[in-house]
Amino acid sequence: MKNHMRFFSTAAILAILLASPTFADEARPWLCRDKPVFSYDRSMEYQVTARPGRQWRIFFMQYSPDAAHDGFDIVNSREVLSRGDPVAGNLAPGRYFAVALYREGGHWICPDYTHDDRNPKLGEVSNLCYGEDGPPCLVKLLVKADHHLATSPAP
């Protein structure tokens, strides 16, 4: 009987903690319905820009059956400045799911609109657009091969 009481007490405490505002503020990009994917066999560089108005955050995830979040591991996350200043970074070779979430009140929201305007002729691995309910693009993510980190061919 003591074990049952201890179990129910622990379950009640966990339920209260998970319902607290601290956990409500946590972004959960793996729950978004649309998770655009791109891959490349060499290092990549990315640039993210946002139009003024909302607070956005970009998440790069990789799928792994053993991952804690429905099979997704967050490997990189950055705040996207709403002043229009680009945020840039690098990604290792691999397959990535890219999700941009915006903050509304105390919650992170998945956008209803994503679109890829990739142009391989320009060396683009991905050129994603995110919008709240549709166009216009409020956040743009451009991913290209990272020519600075690329190794030179052997002589």
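Structure first, text after, so check above.
Residues numbered from 1 in each chain as written. Predicted model: local features only at pLDDT ≥ 70, side-chain atom pairs only at ≥ 80, totals over all residues. Heavy atoms only, no water.

Peer 1: Describe the overall build of the protein, with residues and values.
Peer 2: Scanning the protein from N- to C-terminus turns up 2 helices and 10 strands. Burial status across the protein gives 31% buried among its 155 residues. Considering only contacts in the protein between residues 6 or more positions apart, those separated by 24 or more positions represent 62%. (Helix = DSSP H or I, 4+ residues; strand = E, 2+ residues; numbered from the N terminus. Buried < 20%, exposed > 50% of the residue type's maximum accessible area, 1.4 Å probe, protein only. Contact = heavy atoms within 4.5 Å.)

Peer 1: Please set out the state of the cysteines residue by residue, giving values where relevant.
Peer 2: Applying the stated rule across the entire model yields 2 disulfides. There is a disulfide in this structure between Cys32 and Cys110, and the S-S distance comes to 2.0 Å. Between Cys32 and Cys110 the disulfide shows an S-S torsion of about -85°. By sign, it is left-handed. Here Cys32, found in the loop between helix H2 (21-24) and strand S1 (37-40), pairs with Cys110, found in the loop between strand S7 (107-109) and strand S8 (113-116); they are 78 residues apart in sequence, far enough to count as distant. Residue Cys32 is classed as buried on the basis of its relative accessible area of 3%. Note on Cys110: relative accessible area 24%, which makes it partly exposed. Sulfur-sulfur distance for the disulfide between Cys129 and Cys137 comes to 1.8 Å. The S-S bond linking Cys129 to Cys137 shows a torsion near -105°; that makes this disulfide left-handed. (Disulfide = S-S within 2.5 Å.)

Peer 1: I'd like a description of the sheet that holds strand S10 (residues 139-145), backed by residues and values.
Peer 2: The strand order S5-S2-S10-S9-S8 describes an open sheet built from 5 strands, whose pairing is antiparallel. Strands with a single pairing partner mark the edges of an open sheet, and in this sheet they are strand S5 (87-91) and S8. Taking each pair of neighbouring strands and ignoring which way they run, the sheet shows an average axis angle of 20°. As defined by bridge partners, S8 adjoins strand S9 (residues 124-131) across 4 bridges and the pair is classed as antiparallel. (Pairing = 2+ DSSP bridges. Axes fitted to C-alpha atoms, helices over the stretch in contact; angles between N-to-C directions.)

Peer 1: So what's going on with the nonpolar core? Which residues, and what values?
Peer 2: By size, the foremost hydrophobic cluster in this structure holds 20 residues, and its most contacted members are Phe38, Trp56, Ile58, Phe60, Tyr130 and Leu141. Elements represented by at least two residues in this core include exactly strand S2 (44-50), strand S3 (56-63), strand S6 (94-104), S9 and S10. Each residue touching Leu141, except ones within four places of it in the same chain, is listed here: Phe38, Tyr46, Gln47, Val48, Ile58, Phe60, Ala98, Ser126, Asn127, Leu128 and Tyr130. (Core = buried A, V, L, I, M, F, W, Y, C linked by side-chain atoms within 4.5 Å.)

Peer 1: Go over the pairing of S5, please, and point to the residues and values.
Peer 2: The side-chain alternation of S5 yields one buried face, formed by Val87, Gly89 and Leu91, and one unburied face, formed by Ala88 and Asn90. Here S2 pairs with S5 via 5 bridges, running antiparallel. Opposite Val48, over in S5, you have Val87 as the bridge partner.

Peer 1: I'd like a description of the pattern of salt bridges, backed by residues and values.
Peer 2: Scanning all chains against the criterion turns up 2 salt bridges. Put simply, Glu104 and Arg54 hold a salt bridge, and the shortest N to O gap is 3.0 Å. With Glu104 in strand S6 and Arg54 in the loop between S2 and S3, the pair connects residues that are 50 residues apart, well separated along the chain. We classify Glu104 as partly exposed; its relative accessible area is 40%. The exposure class assigned to Arg54 is partly exposed, which follows from its relative accessible area of 23%. A salt bridge links Glu132 to Arg54; the nearest nitrogen and oxygen atoms lie 2.4 Å apart. Separated by 78 residues along the polypeptide, Glu132 in the loop between S9 and S10 and Arg54 in the loop between S2 and S3 bring together distant segments of the chain. (Salt bridge = Lys/Arg side-chain N within 4 Å of Asp/Glu carboxyl O.)

Peer 1: Any details on unusual backbone geometry? Residues and values, ideally.
Peer 2: Between Pro135 and Pro136 the backbone carries a cis peptide bond, its omega angle lying at 10°. Locating Pro136 in the fold gives a position in the loop between S9 and S10.

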